[in-house]
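# Inside the fold
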Amino acid sequence: MLAVDNRHTLYWEESGNSSGIPVVFLHGGPGAGVSPNHRRFFDPDVYRIFLFDQRGAGRSTPYADVEDNTTEHLISDIEKLRKKFDVKRWLVFGGSWGATLALLYAEHYPEKVSGMILRGTFLARDKDMAWFVRDGANKIYPDYWQEFLSIFSEKEKNDLLGSMYEHIFSADRDTQVTAAKAWSLWAGRVVTHCLEGEYNLDEDEDEEKLINDVKIEIHYAKNKYFINENQIVSNIKKIDNVPIIIIHGENDITCMPESSCLIHKLLPDSKLILVPNAGHLAGEPAITDALIHATDDMFNLINE
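Notes on the structure in this doc start here. Keep in mind that what you see is a predicted model, and the values were worked out from it rather than measured. (Residues numbered from 1 in each chain as written. Predicted model: local features only at pLDDT ≥ 70, side-chain atom pairs only at ≥ 80, totals over all residues. Heavy atoms only, no water.)

Looking only at helices and strands, the protein features 11 helices and nine strands. The C-alpha radius of gyration computed for the protein amounts to 19 Å, which stays within 12% of the reference 19 Å derived for 304 residues, consistent with globular compactness. In terms of principal-axis extent, the alpha carbons of the protein reach across some 60 × 45 × 35 Å. In the protein, buried positions account for 54% of the 304 residues. If you take every contact in the protein between residues at least 6 apart in sequence, the share linking residues at least 24 apart comes to 74%. Of the roughly 13700 Å² of accessible surface on the protein, a fraction of 47% belongs to carbon and sulfur atoms. (Helix = DSSP H or I, 4+ residues; strand = E, 2+ residues; numbered from the N terminus. Rg over C-alpha atoms; globule rule 2.2 N^0.38 Å. Buried < 20%, exposed > 50% of the residue type's maximum accessible area, 1.4 Å probe, protein only. Contact = heavy atoms within 4.5 Å. Areas by Shrake-Rupley, 256 points an atom, 1.4 Å probe, with all protein chains shown as cover.)

Where helix H5 (residues 142-149) is concerned, the buried positions are Tyr144, Trp145, Phe148 and Leu149. Buried residues of H5 fall within an arc of 140° about the axis and therefore sit on the same side. Tucked into the core, H5 has its buried residues touching helix H3 (126-133), helix H4 (137-140), helix H6 (160-168) and helix H7 (173-191). (Arc of directions from axis to C-beta.)

A few words now on the packing of aromatic side chains. Given two aromatic rings, one states the distance between the centres and the angle between the planes to describe the pair. The full count for this structure, using the stated rule, is 22 aromatic pairs. Look at Phe25 and Phe41: their rings are 6.4 Å apart centre to centre, the planes differ by 5°, and that puts the pair in the stacked class. Here Phe25 is found in strand E4 (residues 21-26), whereas its partner Phe41 is found in the loop between E4 and strand E5 (47-52), with 16 residues between them in sequence. With respect to burial, Phe25 and Phe41 carry one shared label: buried. When the centroid spacing of 6.1 Å and the interplanar angle of 50° are considered together, the rings of Phe132 and Trp186 count as tilted. (Phe/Tyr/Trp six-rings, centres within 6.5 Å; stacked < 30°, edge-to-face > 60°.)

Glancing now at the nonpolar core. When a protein is soluble and globular, its nonpolar side chains tend to lie buried together. Of all hydrophobic cores here, the largest spans 73 residues; its most connected members are Trp90, Met116 and Trp183. Grouped together as the second largest cluster of nonpolar side chains are 23 residues, Val34, Ile117, Ile247 and Ile287 included. (Core = buried A, V, L, I, M, F, W, Y, C linked by side-chain atoms within 4.5 Å.)

Turning our eyes to something else, we now look at H6. Residues lying three or four places apart along an α-helix face the same way, a consequence of the helix completing one turn every 3.6 residues. The element H6 is largely enclosed, with a buried count of seven among its nine residues. Those residues of H6 lying buried are Leu160, Leu161, Gly162, Ser163, Met164, His167 and Ile168.

Once that is clear, we can look at the environment of Ser76. You can see Ser76 is positioned in helix H1 (residues 71-84). We classify Ser76 as partly exposed; its relative accessible area is 29%. Remark: the alpha-carbon pair of Ser76 and Asp269, spanning 193 residues in sequence, is separated by 28 Å.

Once that is clear, we can look at unusual backbone geometry. The linkage connecting Gly29 with the following residue, Pro30, adopts the cis geometry, with an omega of -5°. Summarising the element assignment, Pro30 is placed in the loop between E4 and E5. The omega angle of the peptide bond from Thr61 to Pro62 is -5°, so this bond is cis rather than trans. In the Ramachandran plot, Asn230 falls in the positive-phi region, its phi being about 65° despite a non-glycine side chain. Taking the relative accessible area as the measure of exposure, Asn230 reaches 29% and is therefore partly exposed.

Given below as structure tokens:
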């Protein structure tokens, strides 16, 4: 555990080769946390692997706390971890929201980044969030979308993120549970659409964890991820000398492939791999395979 201020303490872990290439894994969500599987993208003989739970996520404390919890705080936390481990430069690996955070961190500290591996890039622009909650994925799954909308009044539908925020942070427990289940079911169905079978919540789902996970996610989404519109793209040239491999499923409808294609267009020396018949999840076999190949390839790029 590492105390990063008077309020927040981060869970972190280190594995792999203590003399290997340092790599930091940035999880998605926001608020998803890390798991043992996240170590497995990296050859432990080659990499010195750092995982940590971002503020309010996983085993970091206080759990699901949104006070002093912004993107600027998270970027600062990554740098505090780097200094704690006495790492001069490290490979930054992130998917979805983790890719957002990786890009923002690299643009702040390009000299501290030896390389980047991005998966399912999310650029946190208004149109990226609109695709997910207003005008995009809802047209692909109108039945699921209507089920999600059913928890809101007609007035609340005019500002879905604001309404979700009010529901998930409500003082009424039933309102929180209903909102958490509705959001998680909609998001889960979209993100798993390339997998066999229809996604559903488990009957014995931990309601407290469900609420807390959604709290962090909606806190960030409602606040436009605490960055300026198009900030990542505007500053992208700051990392034009950083080796970058980008993985994106061709059938990803959570974070559209256009985002990764745009980064590759702006950074033509980057390597873009569009994975056929694959969606958003790192755990999809074809995506997992591409990511493991990317960590192997990055070893050669860093050591050129």
